[in-house]
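# Breakdown of the fold
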Amino acid sequence: MDRIRITGGRPLNGTIPISGAKNAALPLMIASLLSDQTLTLSNVPNLADVALLKRILGNHGVDYAVSGKRRGEVVQSGERLALTAAEIVDTTAPYDLVSRMRASFWVIGPLLARMHEARVSLPGGCAIGTRPVDFFLSGLEQLGATIDVDGGYVVASAPGGLAGGRVEFPGISVGATHTIMMAATLAKGETMIENAAREPEVRDLADCLTKMGATIDGAGTDTIRVQGTDRLVAAEHAVLPDRIETGTYAFAVAAAGGEVLLQGARGDLLQKALDVLSQTGAEISQTNDGIRVSRRGTGLAPVDVVTEPFPGFPTDLQAQLMALVTGAGGCSRITETIFENRFMHVSELARLGADIRLDGQTATVHGGTPLKGAQVMATDLRASVSLVIAGLTAEGETWVNRVYHLDRGFEQLEQKLSACGADIERVSG
Ligand code: UD1
């Protein structure tokens, strides 16, 4: 199993290109199931989760082709992926594929909308809480589906097709919003989704569906209206930049010191996280090329942060923030409100010498004690990259084990960091 070795203490200086967002690419790829014509996505990140979703979609009958560099491109950024679901040959998404990635459960919306039936295994994914699917199921029922759960599978059917309806989610869910929005595009009549997630990836999906011929208003707000149509058509769409990757490298620069241009990053996608970062003492400026982050000589200040749905501070940056404030002079408080079990990085950061106390959903970080390199274990996608940030600042060698978690969501992590001066390498075996 691959491991990552980091020798800490080097500042980061240079440019890091920001990839397309994993959390946008996945629902966009799933949207290809809605049409018998080709959906061409550009700026698709080369990640293990994207590769797995290609396999899952392929099992439903989706053909995909990856094309090369285009005239005028200096460096090819991300993959250009053409997905064609001319014929859906199988409406079952099996356990061995779906259990590896929660987002693959979202195929239930398009399959049901287009084929009027779907049999999808209950999901798996990162072990960061129970993550139920009740919002999805009640939402699909509001659109006229009949749902049974049988042998670990959700069996959904709507023999006459889905019909528009009013869906009010009891809590905010990104995945349920994506799924119901996709399903509603092929339902008869109007669907109103209330208490919808406002994450930028929802808006990106709505923009793509609109290019495919859907009529959607309000994506990016908490009320989305979708007018159903009979058929969606071919379209091209570029995946928006990854705000979590952006925040991760921004926090890494603040932790290690130095100055880095996050090329292609958009500040409007993570304003709250950038506000928190500037409270710690880092300097941030938005340029035409991206976001520039620097910290030179000044110490880090502690912060008090609560994770919230967008536009609040994202749960997907909570672990990285915790690694950063282990270096702050004083006491920081970080409260997790989205997932109940998202503190698995705490015990690993403690192995590096961090002083963190947990009380329910709040972690109190007594910063300022220098970290020392150690063996640590990646437990989930975002937790694992927090250990990399900690390793960049720790004295001596840090070994991060189980890095397959990182490969699910961070494209060329070691290359991007070592190009800016970090002493980091992947060791195979
Ligand atoms: C997405 C992101 C993930 C991010 C999360 C929250 C992708 C691929 N993943 O995950 O990186 O951490 O949003 O921003 O985009 N819930 C229910 N019932 C449901 C659905 C959700 O109770 O039917 C709860 C969950 O347990 C959780 C909360 O709602 O406590 C938010 O989860 P949700 O927004 O659905 O997360 P994902 O879409 O899986």
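Remember, predicted model here, so these are calculated numbers, not experimental data.

With that settled, the discussion passes to the nonpolar core. In this structure, F105, L162, M181, L209, I216 and I224 are the most contacted members of the largest nonpolar core, which totals 79 residues. Top contributing element to this core by residue count: helix 1 (residues 22–31), with seven residues. If sequence neighbours within four positions are ignored, I216 has contacts with M181, T185, A206, L209, T210, I224, R225 and V226. Among the nonpolar cores identified, the runner-up in size contains 66 residues, and A250, A265, A282 and V346 belong to it.

Here the focus is the domain arrangement of the chain. When cut into domains, the chain gives domain 1 (3–18 + 241–427) and domain 2 (22–238). For domain 1 and domain 2, the distance between their C-alpha centroids amounts to 30 Å. Between domain 1 and domain 2, the residue contacts involve 20 residues of the former and 18 residues of the latter. Counting the surface lost from both domain 1 and domain 2, the interface buries some 1,800 Å², and carbon and sulfur atoms represent 52% of this. Counting the contacts that link domain 1 with domain 2 gives two salt bridges. Its residues assigned to classes, the side of domain 1 that touches domain 2 shows eight nonpolar, two polar and 10 charged.

The next subject is the side chain of T398. Within the secondary structure, T398 is located in strand 23 (residues 397–401). Apart from the residues within four sequence positions on either side, T398 is in contact with I4, R5, I6, L352, G373, A374, V376 and G391.

Under the criterion given, the structure shown has three aromatic pairs. Aromatic pair F135 and F169: ring centres 6.4 Å apart, planes at 35 degrees, arrangement tilted. Of this pair, F135 sits in helix 5 (residues 134–142) while F169 sits in the loop between strand 10 (166–168) and helix 6 (174–185), and the two are 34 residues apart along the sequence. Arranged with centres 6.3 Å apart and planes meeting at 20 degrees, the rings of F251 and F313 form a pair that is stacked. Note that F251 is positioned in helix 8 (residues 243–256) and F313 in the loop between strand 18 (304–306) and helix 10 (318–325), a separation of 62 residues in sequence. The ring centre of Y153 lies 4.1 Å from the NZ or CZ of R119, which sits over that ring.

This part is about the site of the ligand. Lining the immediate environment of the ligand, one finds 18 residues, of which D134, S173, V174, D316 and I338 sit closest. Between R102 and the ligand, the recorded distance is 2.9 Å, taken from a side-chain N or O atom to an oxygen atom. Within the contact set of the ligand, a nitrogen atom lies 2.6 Å away from a side-chain nitrogen or oxygen of D134. Its free accessible area being 740 Å², the ligand has 87% of it covered by the protein chains. Looking at the shell around the ligand, the elements that each hand over two or more residues are helix 5 and helix 6.

Once that is clear, we can look at the packing of helix 1 against helix 7 (residues 200–211). Direction vectors running N to C along helix 1 and helix 7 enclose 30 degrees, while the axes themselves pass 9 Å from each other. Here helix 1 lies roughly parallel to helix 7, going by the angle between them. In the crossing of helix 1 with helix 7, the sense of the turn from one axis to the other is right-handed. Counting all contacts with helix 1, which are made through N23, A24, P27, L28 and A31, the residues of helix 7 involved are E201, D204, L205, C208 and L209. Residue composition of the contact of helix 1 with helix 7, grouped by class: seven nonpolar, one polar and two charged.

The strand order across the open sheet built from four strands is 22-23-1-24, with neighbouring strands paired in mixed fashion. Only two strands of the sheet have a single partner each, and these edge strands are strand 22 (375–377) and strand 24 (423–427). Adjacent strand axes in the sheet meet at a mean angle of 20 degrees, parallel and antiparallel pairs treated alike. Here five bridges tie strand 1 (residues 3–7) to strand 24, and the two strands are oriented antiparallel to one another. Bridging across to strand 24, R5 finds its partner in E425.

What counts and how
- Each chain carries its own residue numbering, running from 1 in the written order of its sequence.
- Local features are withheld for residues below a pLDDT of 70 in this predicted model, meaning they are given only at 70 or higher, and side-chain atom pairs are given and counted only at 80 or more; totals for whole chains, interfaces and linings count all residues.
- Heavy atoms from the whole structure form the basis of all side-chain values; hydrogens and water molecules are not counted.
- Throughout, nonpolar core names a set of buried Ala, Val, Leu, Ile, Met, Phe, Trp, Tyr and Cys residues whose side chains join them through atoms within 4.5 Å.
- Relative accessibility thresholds used throughout: buried, under 20% of the residue-type maximum; exposed, over 50%; partly exposed, between the two (1.4 Å probe, protein chains only).
- Numbering goes from the N terminus for both helices and strands, where a helix is a DSSP run of H or I of at least four residues and a strand is a run of E of at least two.
- In what follows, a contact means two residues having at least one pair of non-hydrogen atoms within 4.5 Å.
- How far each domain reaches was decided by an automatic or database domain assignment.
- Once two parts are brought into contact, the accessible area they lose, counted with a 1.4 Å probe and summed over both, makes up the buried area.
- Whenever a carboxyl oxygen of Asp or Glu lies within 4 Å of a side-chain nitrogen of Lys or Arg, that contact is scored as a salt bridge.
- For this classification, the nonpolar set comprises Ala, Val, Leu, Ile, Met, Phe, Trp, Tyr, Cys and Pro, the charged set comprises Asp, Glu, Lys and Arg, and every other residue, Gly included, is treated as polar.
- Two rings belonging to Phe, Tyr or Trp (six-membered ring only in the last case) form a pair when the distance between their centres is within 6.5 Å. Interplanar angles under 30 degrees mark stacking, angles over 60 mark edge-to-face geometry, and anything in between is tilted.
- Geometrically, a lysine NZ or arginine CZ counts as sitting over a ring once it is within 6 Å of the ring centre and also within 35 degrees of the ring normal.
- One heavy atom within 4 Å of a molecule or strand is enough for the residue carrying it to be called near that molecule or strand.
- Two N or O atoms form a polar contact when they lie within 3.5 Å of each other; inside protein one atom must be a possible hydrogen donor and the other a possible acceptor, and for residues adjacent in sequence the pair counts only when both atoms belong to side chains.
- Per-residue and other accessible areas were derived by the Shrake-Rupley procedure at a 1.4 Å probe size, with only the shown protein chains allowed to occlude residues.
- Here the axes come from fitting lines to C-alpha atoms, over the contacting stretch only for helices, and the angles between their N-to-C directions go from 0 to 180 degrees.
- By the definition adopted for this analysis, an angle is roughly parallel if under 35 degrees, roughly antiparallel if over 145, roughly perpendicular if from 65 to 115, and oblique otherwise.
- Each crossing is labelled by how the near helix is turned from the far one, with a counterclockwise turn of less than a right angle marking it left-handed and a clockwise turn marking it right-handed.
- A pair of strands is treated as paired once DSSP finds two or more bridges between them.

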